[in-house]
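Structural features, examined
So the chains spell out like this:
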Amino acid sequence: MTMDKSPQIDSHEKEVKVTLRIKRYNPEVDTRPRFQVYEVMLKPGDRVLDALHAVKWKLDGTLSFRRSCAHGVCGSDAMVINGENKLACVNLIRNVGTDLTIEPIRGLPVIKDLVVDMEPFFAQYRSVLPYLIANDDPGYKERLQSQDDRERYDDTTKCILCACCTTSCPVYWANDEYVGPAAIVNAHRFIFDSRDQAASERLDILNQKSGVWRCRTSFNCTEACPRGISVTKTIEEVKRAILYDRV
Amino acid sequence: MKVHYHSYDAVIVGAGGAGLRAAIEVAGKVKTAVITKLYPTRSHTGAAQGGMCAALANVEEDYWEWHAFDTVKGSDYLGDQDAIDIMCREAIDAVIDLEHFGMAFSRTPEGRIDQRRFGGHTRNHGEAPVRRSCYAADRTGHMILQTLYQQCVAREVNFFNEFQVFDIIFDESDGERRVSGVVAYELATGDIHVFATKGVLFATGGFGKMFKISSNAHTLTGDGPGLLFRKNIPMEDLEFYQFHPTGIYGFGILLSEAARGEGGILRNVHGERFMERVAPTVKDLAPRDMVARAIHAEIREGRGAGPDKDYVYLDLTHLPPEQIDAKLPDITDFARTYLGIEPKQQPIPIQPTAHYAMGGIPTNVEGEVIGDSNGTIIRGLYAAGECACVSVHGANRLGTNSLLDIVVFGKRGGHSMANYVSQTDHIDLRRGVEQDVLDRISAIKSATGGNKVSDIRTELQLTMTDNASVVRTAESLDAAITTINRLKEEYNNIHIDDKGEVFNYDLVEAMELGHLLDLAEAFVIGAQARKESRGAHWRDDYPTRDDANWMKHTLAYRDADGQVRLEYKDVISGRYEPMERKY
Ligand SMILES: Cc1cc2nc3c(=O)[nH]c(=O)nc-3n(C[C@H](O)[C@H](O)[C@H](O)COP(=O)(O)OP(=O)(O)OC[C@H]3O[C@@H](n4cnc5c(N)ncnc54)[C@H](O)[C@@H]3O)c2cc1C
Ligand code: SF4
Ligand code: SF4
Ligand code: FES
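Not measured: the values here are computed from a predicted model.

**Let's talk about the overall build of chain A**
- Of regular secondary structure, chain A possesses 10 helices and 7 strands.
- With the principal axes as the frame, chain A shows a C-alpha extent of 60 × 60 × 35 Å.
- Out of the 247 residues belonging to chain A, those deemed buried represent 57%.
- Counted over contacts in chain A with a minimum sequence separation of 6, partners at least 24 positions apart contribute 64%.

**Remarks on the domain arrangement of chain A**
Residues and elements named next belong to chain A.
- We note that the domain assignment places domain 1 (16–116) and domain 2 (119–135 + 146–244) within chain A.
- Relative placement of domain 1 and domain 2: their C-alpha centres are 28 Å apart.
- With 13 residues of domain 1 at the contact, the number on the domain 2 side is 14 residues.
- Note on domain 1 versus domain 2: buried area summed over both sides is about 1,000 Å², and carbon and sulfur give 67% of it.
- When the buried surface of domain 1 facing domain 2 is broken down by residue, Asn85, Arg106 and Leu108 rank first, second and third, together holding 47% of it.
- Inspection of the region where domain 1 meets domain 2 yields 0 salt bridges.

**Concerning the domain arrangement of chain B**
Residues and elements named next belong to chain B.
- By the assigned domains, chain B splits into domain 1 (248–352) and domain 2 (435–570).
- Between the C-alpha centres of domain 1 and domain 2 the distance comes to 31 Å.
- Between domain 1 and domain 2, the residue contacts involve 6 residues of the former and 6 residues of the latter.
- When domain 1 packs against domain 2, close to 490 Å² is buried across both sides, 65% of that on carbon and sulfur atoms.
- Applying the counting rule to domain 1 against domain 2 returns 1 salt bridge.
- Where domain 1 meets domain 2, there are 2 residue pairs in polar contact (both at pLDDT 80 or more).
- Per-element accounting of the side of domain 1 that touches domain 2 gives the leading share, 5 residues, to helix H8 (residues 288–300).
- For the side of domain 1 that touches domain 2, the residue count by class is 2 nonpolar, 1 polar and 3 charged.

**Structural notes on the interface of chain A and chain B**
- Contact with chain A, which involves 73 residues of that partner, is made by 76 residues of chain B.
- Here chain A and chain B share an interface that buries about 6,200 Å² over both sides, 52% of which is from carbon and sulfur atoms.
- If you sort the residues of chain A by the area they bury against chain B, Ile9(A), Trp57(A) and Glu142(A) come out on top, with a joint share of 12%.
- The tally of links from chain A across to chain B stands at 7 salt bridges.
- Note that Glu99(B) is salt-bridged to Arg143(A), the shortest N-O span being 3.9 Å.
- At the junction of chain A and chain B, the tally comes to 36 residue pairs in polar contact (both at pLDDT 80 or more).
- Of all the secondary-structure elements, those providing two or more residues to the side of chain A that touches chain B are helix H1 (48–59), strand E6 (110–112), helix H3 (119–126), helix H4 (147–152), helix H5 (154–157) and helix H7 (181–191) of chain A.
- Here the side of chain A that touches chain B gets 6 residues from one element, more than from any other, and that element is H1(A).

**Quick look at the site of ligand 1**
Residue and element names in this part refer to chain B.
- Near ligand 1 you find 39 residues, and of these Ser43, Thr45, Glu386, Ser402 and Leu403 are the closest.
- One of the backbone N or O atoms of Lys37 is found 3.0 Å from a nitrogen atom in ligand 1.
- One of the side-chain N or O atoms of Thr45 is found 2.5 Å from an oxygen atom in ligand 1.
- Compared with its free state, where it exposes 1,000 Å², ligand 1 has 98% of that area covered by protein.
- Contributions of two or more residues to the shell around ligand 1 are made by helix H1 (17–26), strand E2 (32–36), strand E7 (163–171), strand E14 (348–357) and helix H11 (401–422).
- Broken down by element, the shell around ligand 1 gets its largest block of residues, 4 residues, from H11.

**With respect to helix H15 (residues 505–529) of chain B**
- Here H15(B) is 25 residues long and its end C-alpha atoms lie 36 Å apart, about the 36 Å a rise of 1.5 Å per residue gives.
- Structurally, the start of H15(B) carries an N-cap: the backbone nitrogen of Asp506(B) is 3.2 Å from a side-chain oxygen of Asn504(B).

**Focus: the pattern of salt bridges**
- Following the criterion strictly, the structure yields 79 salt bridges over all chains and no others.
- A salt bridge links Asp113(A) to Arg24(A); its shortest N-O distance comes to 3.0 Å. One end of the pair, Asp113(A), is in the loop between E6 and strand E7 (115–116); the other, Arg24(A), is in strand E1 (residues 16–24), with 89 residues separating them in the sequence.
- The exposure class assigned to Asp113(A) is buried, which follows from its relative accessible area of 1%.
- Salt bridges sharing partners connect three or more residues here, namely Asp76(B), Glu239(B), Asp289(B), Arg293(B), Arg530(B), Glu532(B), Arg534(B), Arg545(B), Asp547(B) and Arg581(B).

**Quick look at the pairing of E14(B)**
Residue and element names in this part refer to chain B.
- Buried residues dominate E14, accounting for 10 of its 10 residues.
- Where strand E13 (residues 312–315) meets E14, 3 bridges bridge the pair, whose relative direction is antiparallel. Among the inter-strand pairings, Leu314 is bridged to a residue of E14, identified as Ile348.

**Remarks on the confidence of the model for chain B**
- Taken residue by residue, chain B gives an average pLDDT of 96. The fraction at 70 or more is 100%.
- Across the assembled chains, the prediction reports ipTM 0.96 with pTM 0.97.

**Comments concerning the nonpolar core**
- Ranked by size, the top nonpolar core spans 138 residues in total, and within it Leu20(A), Leu52(A) and Leu206(A) carry the most contacts.
- Residue-level mapping places this core at the junction of two domains, with at least three residues from each of domain 1 (16–116) and domain 2 (119–135 + 146–244) of chain A.
- Contact partners of Leu52(A), with chain neighbours within four places excluded, come to Leu20(A), Ile22(A), Leu63(A), Phe65(A), Met79(A), Ala88(A), Ile102(A) and Leu114(A).
- Counting 83 residues, the second-largest nonpolar core is a separate cluster that includes Val11(B), Phe202(B), Val433(B) and Leu487(B).

**Details of the sheet that holds strand E20 (residues 564–570) of chain B**
Residue and element names in this part refer to chain B.
- The antiparallel open sheet is built from 3 strands, whose spatial order is E10-E19-E20. For this open sheet the edge positions go to strand E10 (235–236) and E20, each flanked by a neighbour on one side alone.
- Sheet topology places E10 next to strand E19 (residues 552–558); 2 bridges connect them, and they run antiparallel. When the sheet's bridge partners are listed, Met235 is paired in E19 with Ala556.
- Lying over the sheet, helix H5 (residues 223–230) contacts E10, E19 and E20, oriented at roughly 65° with respect to E19.

**A word on the sheet that holds strand E11 (residues 241–248) of chain B**
Residues and elements named next belong to chain B.
- With antiparallel pairing, the 4 strands of this open sheet are ordered in space as E11-E14-E13-E12. With partners counted over all chains shown, the strands left at the sheet margins are E11 and strand E12 (265–267), one partner each. In this sheet, neighbouring strand axes are inclined to one another by 45° on average, regardless of whether the strands run parallel or antiparallel.
- Relative to E14, E11 runs antiparallel, the two sharing 6 bridges. Bridged to Gln242 within E14 is Tyr356.

**Focus on the packing of aromatic side chains**
- Scanning the entire structure with this criterion turns up 24 aromatic pairs over all chains.
- Judged by centre distance (6.1 Å) and plane angle (10°), the rings of Tyr125(A) and Tyr149(B) are stacked. Of this pair, Tyr125(A) sits in helix H3 while Tyr149(B) sits in helix H4 (residues 140–154), which puts the two residues in different chains. Both residues of the pair, Tyr125(A) and Tyr149(B), count as buried.

**Comments concerning unusual backbone geometry**
- Note that the residue after Val390(B), namely Ser391(B), is joined by a cis bond; omega there is 5°.
- By the element assignment, Ser391(B) lies in the loop between strand E18 (388–389) and H11.
- Unlike most non-glycine residues, Ala163(A) shows phi in positive territory, near 75°.
- For Ala163(A), the position within the fold is in the loop between H5 and helix H6 (170–174).
- The phi angle at His125(B) is positive, at roughly 60°, despite the residue not being glycine.

How each quantity is defined
Just so you know, the residues in each chain are numbered from 1, in the order the chain's sequence is written. All chains are assigned letters beginning with A, and all ligands numbers beginning with 1, in the order in which they are written. Totals for whole chains, interfaces and linings use all residues, but because this is a predicted model, local features are given only for residues with pLDDT of at least 70 and pairs of side-chain atoms are given and counted only at 80 or more. Neither water nor hydrogens contribute to the side-chain values; these are computed over all heavy atoms in the structure. Helix and strand definitions here come from DSSP, where helices need a minimum of 4 consecutive H or I residues and strands a minimum of 2 consecutive E residues; each element is numbered from the N-terminal end. Classification of residues uses two cut-offs on accessible area relative to the type maximum, computed with a 1.4 Å probe and protein chains only: under 20% is buried, over 50% is exposed, and between them is partly exposed. Contacts were defined at the residue level, with two residues in contact if any of their heavy atoms lie within 4.5 Å. For each domain, the first and last residues come from an automatic or database assignment. Note on definitions: buried area is the accessible-area loss of two parts on being combined, 1.4 Å probe, summed for both. One side-chain nitrogen of Lys or Arg within 4 Å of one carboxyl oxygen of Asp or Glu is enough to make a salt bridge. Think of a polar contact as two N or O atoms within 3.5 Å of one another; within protein, one of them needs to be a possible hydrogen donor and the other a possible acceptor, and neighboring residues in sequence only count if both atoms come from side chains. Put simply, Ala, Val, Leu, Ile, Met, Phe, Trp, Tyr, Cys and Pro go in the nonpolar bin, Asp, Glu, Lys and Arg in the charged bin, and everything else, Gly too, in the polar bin. The criterion for a residue being near a molecule or strand is simple. One of its heavy atoms has to lie within 4 Å of it. Here the Shrake-Rupley method, with its probe set to 1.4 Å, supplies the accessible areas, and only the displayed protein chains count as covering residues. By this rule the span expected of a helix is its residue count minus one, scaled by 1.5 Å. At least two bridges found by DSSP between two strands are what make those strands a pair. Looking at any residue, its pLDDT shows the predictor's confidence there, from 0 to 100. Here, nonpolar core means buried Ala, Val, Leu, Ile, Met, Phe, Trp, Tyr and Cys residues that are tied together by side-chain atoms lying within 4.5 Å of each other. Every axis corresponds to a line fitted to the C-alpha atoms, with the helix fit spanning only the stretch in contact, and the corresponding angles, defined between N-to-C directions, vary from 0 to 180 degrees. Only the six-membered ring of Trp is used, alongside the rings of Phe and Tyr, when aromatic pairs are assigned; centres must lie within 6.5 Å, and planes under 30 degrees apart are stacked while those over 60 apart are edge-to-face, with the rest tilted.

Put into structure tokens, the structure is as follows:
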């Protein structure tokens, strides 16, 4: 191998000033949300999550936000960053800029600062029977599944339940009865799994008035998904499965 | 702040792979609560990438005994062979169970579960690498976590999400220590919840946030081991901590060994494949402790890359792009996202990253916690997963053996807890068992000391990464313990900004830091005492394994006066006699 193309990573990158305008709300003192501005020094290669930590750890420990894995796999830190739903841990300052406006995701009740109540979201997830239902007894062996059949539902297995999609959906904002794209993605995961036998039950659930027909195909959800899932296409596939009774 | 009371037969603390697998076993049999500080699907099991080993022999000849041999050898003969046999034998059923639960494994052309190579896993006792790791692209842990959570939803398991356990209550009224409850803190309200229970299973995961460069989540702070340690439960083999060879430079984010299983190669600044020198047979697929040390040596001897010559490369550029997209999609995305490089064309800068705790809460193969070196079982107390030490990993865990450990021993622990609690009566909880937690919370909130939690934690992480990681010496460990002692004093003199009740993560981080400090102290004291090199514990001043004196497990206790005291217990031997570890 030639080492010409080997990347050189500069650990001494110069710090830049990052301004964060964060929408804050503390139910114990505030009557309504307010914006608070902070300035911190960070490297361009740092994450937005690092910026929030810099605020919390150096300037103001009262700021609350969820986070865990810090690399886009746990789904804890969905928030609105400069107007778009994103995970704070997969966006670098270099890419989002040094002027940041950060707000909680919309459509779920704010509890404190960037922390929203996730219970309605998970209740909608649970409502679509998000688990394998197969009544045959495979014995002590694995069920077989062809590579094509496995590929059929691969996209939707990537979901980390971050809620970026559902809380970017204008229909969901207007009507929280709508199960929302994340629940549909997780139904799709099983509807199109060749091992599953309960597709029709899930399709019945999604055919109700809170189901897929509310979707207006506006693609916000697809753009918001940090896992690159084709969310809208997924919803269209479920609609077609209901219409043509075919998976 | 309100106090609420609950009564359950069994409580599981933690909802990662181990906790959820236990829940599937317990729920439906006895009244069960699962308490978790994160929503279950946020647990760090979801970050696991490469796979889970089991000798299914779906793609080539393999036997669980070969898997057991590799695990014993990988453990540098500190693993307990009874437990290793059980794990490797039950691995096969564990994978089949997951498939039946709906896990989306990658498949062979015949539709069977596909398997790939992984570090330290060989055919016929070390002849050549073997395809043993069952996987789902490079998101195996994500799929396991989702699948287990889905099964818990199907079984209507009772979760207390975003409740953080702060204390365990023992009853000693009949002269013997018995579990009688746990005390948890509800993040959304700041309320305290006392759970009266006959059994508790801890599955709280690792403590990688003790180190600066780490593959672990911010929330992996060793809460379970930490709070038990304070209650005089010993910790086993804490000094054995795994550093994964390939963390993204500067971030520590993991690039799975699967990258090398698929053919990736490690290279130094000259482009040399240095693992050829170190492990001529298995090369880049040598066990992690060896590869991490080899990288350390390259860097120390001036063959590192970059302005500070402090990293080496993981080279995937020779792999077919379709293979990268199909088998390693996520980790190549991480390299693009965090370093802005294209792994199909450029090698990826990497450095070893703090990854996995081999040590932890001592248990037997039934998941029962062992309270001393005589094997005394603590009634009603169980542990499983990374927070536990069975010990199947000994001095060095093989890749893919932790996802295996969490499902095998999660299931076993759950099973034995369900049996125990259905044959036991409740113990009445004393009034006011929550008082200690209430006092600690108000002490932290009202403290006006000059030190910040984040400053202390940062300094702890620095000293551990600099002085107690891949390579250790008496001097480096002395430096670490001096710093830890000072930080413990500073910790008694902190303040926090947030005095509120609602989502007060400031308070939570202060509590978590206490555990990290306690465990780091025991870790370093164990490492100072162990004057040999074995597995992940490498002492430059004692560079050989010393079976005559040190083939034994460390047990660290925190005595009533706060001092750490060490005891030792024998390794459980078996079919495989210790021999030199060559690959
Ligand atoms: C990046 C990465 C990749 C990995 N890849 C592999 C791999 O390919 N193969 C393999 O075998 N192993 C792998 N491992 C190791 C393996 O994933 C972990 O060891 C394992 O998943 C740990 O599972 P667990 O259930 O013990 O803990 P976790 O999944 O970490 O779960 C811990 C749980 O405890 C809860 N908790 C913690 N403290 C408290 C408290 N005080 N109160 C209430 N709840 C609490 C949390 O909410 C969480 O639910 C990897 C690890 C990492 C970090
Ligand atoms: S495509 Fe449908 S679900 Fe997605 S944002 Fe638009 S309306 Fe909502
Ligand atoms: S579909 Fe994408 S955006 Fe929606 S919850 Fe899943 S991962 Fe998040
Ligand atoms: S912290 Fe886990 S997704 Fe961002």
